[in-house]
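# Analysis of the macromolecular model
Okay, here's what each chain looks like letter by letter:
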Amino acid sequence: MHGTRILEEADRLMTVCNSCRYCEGLCAVFPAMEMRRAFSDGDLNYLANLCHGCGACYTDCQFSPPHQFNVNVPKTLAVARAESYAAYAWPRAFAGAFARNGLIISLIAALSMAVFILGFAAFNDRQILLGVQTGPGAFYKLMPHNSMATLFGAAFLYAMVALVMGVRAFWRDIGEPVGSRTDARSLWQAMRDAGELHYLDGGGVGCVNEDERPNDRRKIFHHLTFYGFALCFAATCIATLYHYLLAREAPYAWWDLPVVLGTLGGFGLLVGPAGLLTEKWKRDPALVDKQSFGMDVAFLAMLFLTGLTGMALLLWRETPAMGPLLALHLGVVFALFITMPYGKFVHGIYRFAALVRYARERRMTGHWAAE
Ligand code: SF4
Ligand code: SF4
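Quick summary incoming for the structure in this document. (Residues numbered from 1 in each chain as written. Chains lettered and ligands numbered in written order. Predicted model: local features only at pLDDT ≥ 70, side-chain atom pairs only at ≥ 80, totals over all residues. Heavy atoms only, no water.)

## What about the pattern of salt bridges?
Applying the stated criterion to the full structure yields nine salt bridges. Among the ionic pairs, glutamate 361 bridges to arginine 36, the shortest N-O distance being 2.9 Å. You can see glutamate 361 sitting in helix α14 (residues 346-364) and its partner arginine 36 sitting in the loop between α2 (29-34) and α3 (41-50), a full 325 residues away along the chain. Residue arginine 36 is classed as buried on the basis of its relative accessible area of 9%. (Salt bridge = Lys/Arg side-chain N within 4 Å of Asp/Glu carboxyl O. Helix = DSSP H or I, 4+ residues; strand = E, 2+ residues; numbered from the N terminus. Buried < 20%, exposed > 50% of the residue type's maximum accessible area, 1.4 Å probe, protein only.)

Next up, the structure:
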């Protein structure tokens, strides 16, 4: 007996697949499945988070609908994956609300924070909002650096604590003791698999779309999104070091490292999420988990808005639009931080943890030593 209906269905499918094994070369899910004869809830959540949703095993399957076995692994694992995000979220109550109204909650949080920052600036000096601010420290005329750092530091810290609690629950549930050290080779293998999106290629041919012609567009847009986010994060970290170690205040010149990294990252966050949203509309409806559609769209929309407001701020930072644009950009980033633990962002973290476990068990059972 399993905890939910979808885990019952996942168990049924994995039992069918374990007898068939036709898809074992497509991704990590099938080799991981073959190492088991029975599936606990944690095993099924592990397999669900190993799946990258490429759709190849649906197109290739001789038992997919209308066959009476009704085998649809990508959709079943997508639903199980989305339910696992809610099950491991901390505090769990927030996850349900976000799953139902993710985009609305994110937009309300972003606009509330933008209005708060604008109100803060107007309360201190209305002229700041209307005038042109340039040179080092221009951003902090809107809100002092220490107030900004406290506000965003608290939101970031909250997101980190909630994410750690979530991944801790996931790690324990999939059968790994909390606090156990993983070996460096498995960690490196998982980093490579995640960095290359090794399993988002349908066994080498690409992701399946509505017309059943595989291509690599989802993988490319995913890369742009991931590396765009990573570059923006690196730009923020370097700007923080500039501020505290070199006493250099933002905004920085076009050629300065935080701006160069932020611009490249902003480009990735514009093109990647827009491309993934477009690809989402084109997917075969048989593969899509409609329940998590809103959550996926909310995450991609917030990443796109982060890129859009950041690039707009860069372009118009020396005009009177700087104040409203900075408030809007900070509002979007704040909303992104506080909704991270309850939305699609967690898929990257749980998938990485699942890849670490996969690398470990392949090594421990001698599969990769022999390959
Ligand atoms: S998805 Fe279908 S073809 Fe692939 S292993 Fe399962 S039952 Fe076999
Ligand atoms: S959808 Fe792709 S990644 Fe997921 S189980 Fe099927 S082949 Fe593997």
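## So, helix α8 (residues 145-173)
The end-to-end C-alpha distance of α8, which contains 29 residues, comes to 41 Å, matching closely the 42 Å that a straight helix rising 1.5 Å per residue would cover. Of the surrounding secondary structure, the elements contacted by the buried residues of α8 are α3, α5 (73-88), α10 (217-245), α13 (322-339) and α14. A positive backbone phi angle near 100 degrees is found at glycine 175, which sits one or two residues after α8. (Expected span 1.5 Å × (residues − 1). Contact = heavy atoms within 4.5 Å.)

## Re the packing of helix α6 (residues 92-124) against α13
Between α6 and α13, the least distance of the axes is 7 Å, while the angle of their chain directions is 140 degrees. Crossing of α6 against α13: the hand is right-handed. Across the interface between the two elements, Phe98, Ser106, Ala109, Ala110, Leu111, Met113, Ala114, Ile117 and Leu118 of α6 pack against Gly323, Pro324, Ala327, Leu328, Leu330, Gly331, Val332, Phe334, Ala335, Ile338 and Thr339 of α13. Residues that form the contact of α6 with α13 fall into these classes: 16 nonpolar, four polar and no charged. (Axes fitted to C-alpha atoms, helices over the stretch in contact; angles between N-to-C directions. Left-handed = near helix turned anticlockwise from the far one by under 90°. Nonpolar A, V, L, I, M, F, W, Y, C, P; charged D, E, K, R; others polar.)

## A closer look at the packing of α3 against α5
The relative placement of two packed helices comes down to the angle between their axes together with the axis-to-axis distance. At their nearest, the axes of α3 and α5 sit 8 Å apart, and the two run at 115 degrees to each other. Judged on the interaxial angle alone, α5 and α3 are roughly perpendicular. In this structure, α3 crosses over α5, and the sense of that crossing is left-handed. Across the interface between the two elements, Asn45, Leu47, Ala48 and Asn49 from α3 touch Leu77, Ala80, Arg81, Ser84, Tyr85 and Tyr88 from α5. Split by residue class, the contact of α3 with α5 holds six nonpolar, three polar and one charged. (Parallel < 35°, antiparallel > 145°, perpendicular 65-115°, else oblique.)

## Some words on unusual backbone geometry
Following proline 65, the chain continues into proline 66 via a peptide bond in cis, with omega recorded as 15 degrees. Cis rather than trans, the peptide bond between tryptophan 90 and proline 91 has omega equal to -15 degrees. Here proline 91 is to be found in the loop between α5 and α6. Residue arginine 21 is not a glycine yet carries a positive backbone phi of 65 degrees. Within the secondary structure, arginine 21 sits in the loop between α1 (5-20) and α2.

## Focus: a nonpolar patch on the surface
Residues Trp90, Leu157, Val161 and Met165 make up a contiguous nonpolar surface patch of roughly 350 Å² in combined accessible area. Secondary-structure assignment places tryptophan 90 in the loop between α5 and α6. Look at tryptophan 90 and you get partly exposed, because its relative accessible area is 35%. (Patch = residues over 30% accessible without salt bridge, like charges linked within 9 Å, V, L, I, M, F, W, Y side chains within 5 Å. Areas by Shrake-Rupley, 256 points an atom, 1.4 Å probe, with all protein chains shown as cover.)

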